[in-house]
Protein chains: 2
Amino acid sequence: MDKIILDGMGGDNAPKATCEGAVQALRADSNLYIIMTGRKEVLEAELSKFKYDKSRLEIVDCPDVIDMNDSPTEAVKRKQSSLIAAYWMLKKQDDICALVTAGSSGATIVGGQLILGRIRGIKRPALCPALPNVRGGTTLLCDCGANAECKPVMLCQFALLASAYAQAGFNMPNPRVGLLNNGTEEHKGDPLHQETYKYLAQMKGINFIGNIEGRDINYGDVDVVVTDGFTGNVALKSVEGCAKMILDNMKKQFTSTPAALIGALFMMGAIKRLKKNLDFNKYGGALLIGLKKVVVKSHGSSKPVSIKNSILNALTIYRNGLIPKIEEMLSDVDLDNLIGQEE
Amino acid sequence: MDKIILDGMGGDNAPKATCEGAVQALRADSNLYIIMTGRKEVLEAELSKFKYDKSRLEIVDCPDVIDMNDSPTEAVKRKQSSLIAAYWMLKKQDDICALVTAGSSGATIVGGQLILGRIRGIKRPALCPALPNVRGGTTLLCDCGANAECKPVMLCQFALLASAYAQAGFNMPNPRVGLLNNGTEEHKGDPLHQETYKYLAQMKGINFIGNIEGRDINYGDVDVVVTDGFTGNVALKSVEGCAKMILDNMKKQFTSTPAALIGALFMMGAIKRLKKNLDFNKYGGALLIGLKKVVVKSHGSSKPVSIKNSILNALTIYRNGLIPKIEEMLSDVDLDNLIGQEE
């Protein structure tokens, strides 16, 4: 059995979405065991609505809940909360392989650093979502919000972390890495990006293809997009906003006239396939990468299917050995020598 | 007559697109007079394919052409090139009200600063495109690439410049201004954004609604998005890339089966309206704002309709008094006193 710990109270739709998502994940993978943290009676009441293999789900009672108004550093002190208790169990119990939460991003990041801890040598963990691209494949965006201010060494590590994720999570043997910039020429961007370009070009084990632009995120000619957390956050949300604008507009136009409605009936299959191709939740949430174990941060607005996908994605990544892969890549590339100790 | 000068050789599709776009614009506005710069015999040959009012179009022969490999500072020395000759005429002839070019962004920006010059008090010009939003309205994004590195005073000026554009170009009497950040809370972002937030909140004449996120660019709850040129460039191109991904995918799915094809026939009207709503070229190119006269930078890949729209948009902005509006707003807000001289 592979044990996953799930923050039962995290996210806008918890505990409904977390319970239903957990049940769906148990049905999809017979070797999965789930520990859910949260208010026991609440979770039990919700779970009682479903049929599932009860021998593979256990609840750990956590009476406290993190308030969205709590600062992340306040939140990590709440040891009886579902997220923080989950982090402590993940840290202390060797047989738990991953954590999934749809709770507060800030508390997830701070808890990861302060409780679970980083992989030796990694400066900062990063948030790395997997996005659909026009080729029907997947593009990883790292970092998309954990670190608003970055140094070159951090961006180089994001390249390494996300390359390991591409290999362990998506079976890409030699992922192409691009640096998100305001143009493709080598000299583009501010000093941070100019310096990072130089280092990435020399980094062993990284298949660096140069600077890329915002549009390349969705074009699919790059597998890993390296960016600071400020720019990555803006890019990710810009893409989400644009997709929503277009799909909303499509819905409105396609139901605007009787002819369009008839057309839509003929097109049901095509519209369904389109939606599937554009599904931003296919892999659940973003990986919080760089920590000692696998942590998946699902969207705050996660529905059951996102929770299920986040759990299954965490399992895949764990089974394919993400953490040992990162440690191996880190030991192969001498970043301190390349960039210098002062960073 | 309102005189516009058009760089006849600028853009990937020149001179075909520039000539046809000029003819379309002349047909759309009977009070428009166009001066085209470029190789006379080439432009004349292209224009001879169309019927138009020849008394309202004049060609100024410019034998030289800017090479895409020329650096912007090299390019501005080429006084016989279509772009640089146009800038010199725009500067020297009072009766020319605006310049439209689809040529090199770098040369357009450097030429604007070195030849035409900035409005007194403006630190740097910015590129400001107008994007469609989900409400069927328009959102301005300023800066989207002219200034990769910014100071707070520049971002505050972008807010002022784009607010004036919203008024003169889109009839928005009190445009809502948002600061693009990695979250909506006041303390979000790096020191640049934290400081800028403080100043914007105090700026007279600016309707500041606080921090906004990438997704708000397309949601339409904000009229002016203020951002540094690095982030703005990434956001703009991310949105363009996402729109292209979805529309390509839609086309593929909607022609994938006989049923879908039949459906598409019924939906012709709806699909056309959808495309119209999502037309990123509705207003032609981006305004290069902050210079002494109106300058519109059309996309390098501009087709005739984009050139036409850029010309008509330049006319509208000029007629509605953009430049005096900016000067008036600048004199009303004492930025030096607010931010301090050291910036």
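Basis of the calculations
Residues numbered from 1 in each chain as written. Chains lettered and ligands numbered in written order. Predicted model: local features only at pLDDT ≥ 70, side-chain atom pairs only at ≥ 80, totals over all residues. Heavy atoms only, no water. Helix = DSSP H or I, 4+ residues; strand = E, 2+ residues; numbered from the N terminus. Rg over C-alpha atoms; globule rule 2.2 N^0.38 Å. Contact = heavy atoms within 4.5 Å. Areas by Shrake-Rupley, 256 points an atom, 1.4 Å probe, with all protein chains shown as cover. Lys, Arg positive; Asp, Glu negative; His and termini not counted. Charge placed at Lys NZ, Arg CZ, Asp CG, Glu CD. Polar contact = N/O pair within 3.5 Å; in protein donor to acceptor, adjacent residues only side chain to side chain. Phe/Tyr/Trp six-rings, centres within 6.5 Å; stacked < 30°, edge-to-face > 60°. Buried < 20%, exposed > 50% of the residue type's maximum accessible area, 1.4 Å probe, protein only.

(A) Local environment of the overall build of chain A. What chain A contains, in helices and strands, is 14 helices and 12 strands. For chain A, whose C-alpha radius of gyration is 21 Å, the value lies close to the compact-globule estimate of 20 Å for 343 residues. Its C-alpha atoms give chain A principal-axis dimensions of about 60 × 60 × 35 Å. Counting contacts in chain A only where the partners sit at least 6 residues apart, residues at least 24 apart contribute 72% of the total. Approximately 13,800 Å² of chain A is accessible, and the part contributed by carbon and sulfur atoms is 49%. For chain A, the centre of its 41 positive side-chain charges and the centre of its 38 negative side-chain charges are spaced 6 Å apart.

(B) Broad picture of the side chain of Thr18 of chain B. Residues and elements named next belong to chain B. For Thr18, the location among the structural elements is in helix H1 (residues 16-28). Here the side chain of Thr18 touches Pro15 through a polar contact of 3.0 Å, landing on its backbone oxygen. For Thr18, the contacting residues outside a window of four places in its chain are Leu6, Asp7, Gly8, Gly10, Met36 and Ile307.

(C) Expanded view of the packing of aromatic side chains. As enumerated under the stated definition, the model contains 6 aromatic pairs over all chains in all. Ring centres of Phe266 of chain A and Phe266 of chain B lie 5.9 Å apart, and the angle between their planes is 10 degrees; this geometry places the pair in the stacked category. Taken together, the residues span two chains, with Phe266 of chain A in helix H10 (residues 258-266) and Phe266 of chain B in helix H10 (residues 258-266). Relative to Phe208 of chain B, the ring of Tyr197 of chain B has its centre 5.2 Å away and its plane inclined at 75 degrees; by these criteria the two rings are edge-to-face. Within this pair, whereas Tyr197 of chain B is found in helix H7 (residues 191-202), its partner Phe208 of chain B is found in strand E9 (residues 207-212), the two being separated by 11 residues in sequence. For the pair formed by Tyr197 of chain B and Phe208 of chain B, the shared burial category is buried.

(D) Focus on unusual backbone geometry. The omega angle of the peptide bond from Ala14 of chain A to Pro15 of chain A is 0 degrees, so this bond is cis rather than trans. Take Pro15 of chain A: it is sitting in the loop between strand E1 (2-7) and helix H1 (16-28). Note that the residue after Cys142 of chain B, namely Asp143 of chain B, is joined by a cis bond; omega there is 10 degrees. Relative to the helices and strands, Asp143 of chain B is located in the loop between strand E7 (138-142) and helix H6 (152-170). Positive phi values are uncommon outside glycine, yet Asn171 of chain A reaches one of about 55 degrees. Here Asn171 of chain A lies in the loop between helix H6 (152-170) and strand E8 (176-180).

Read these as geometric descriptors, not functional statements.
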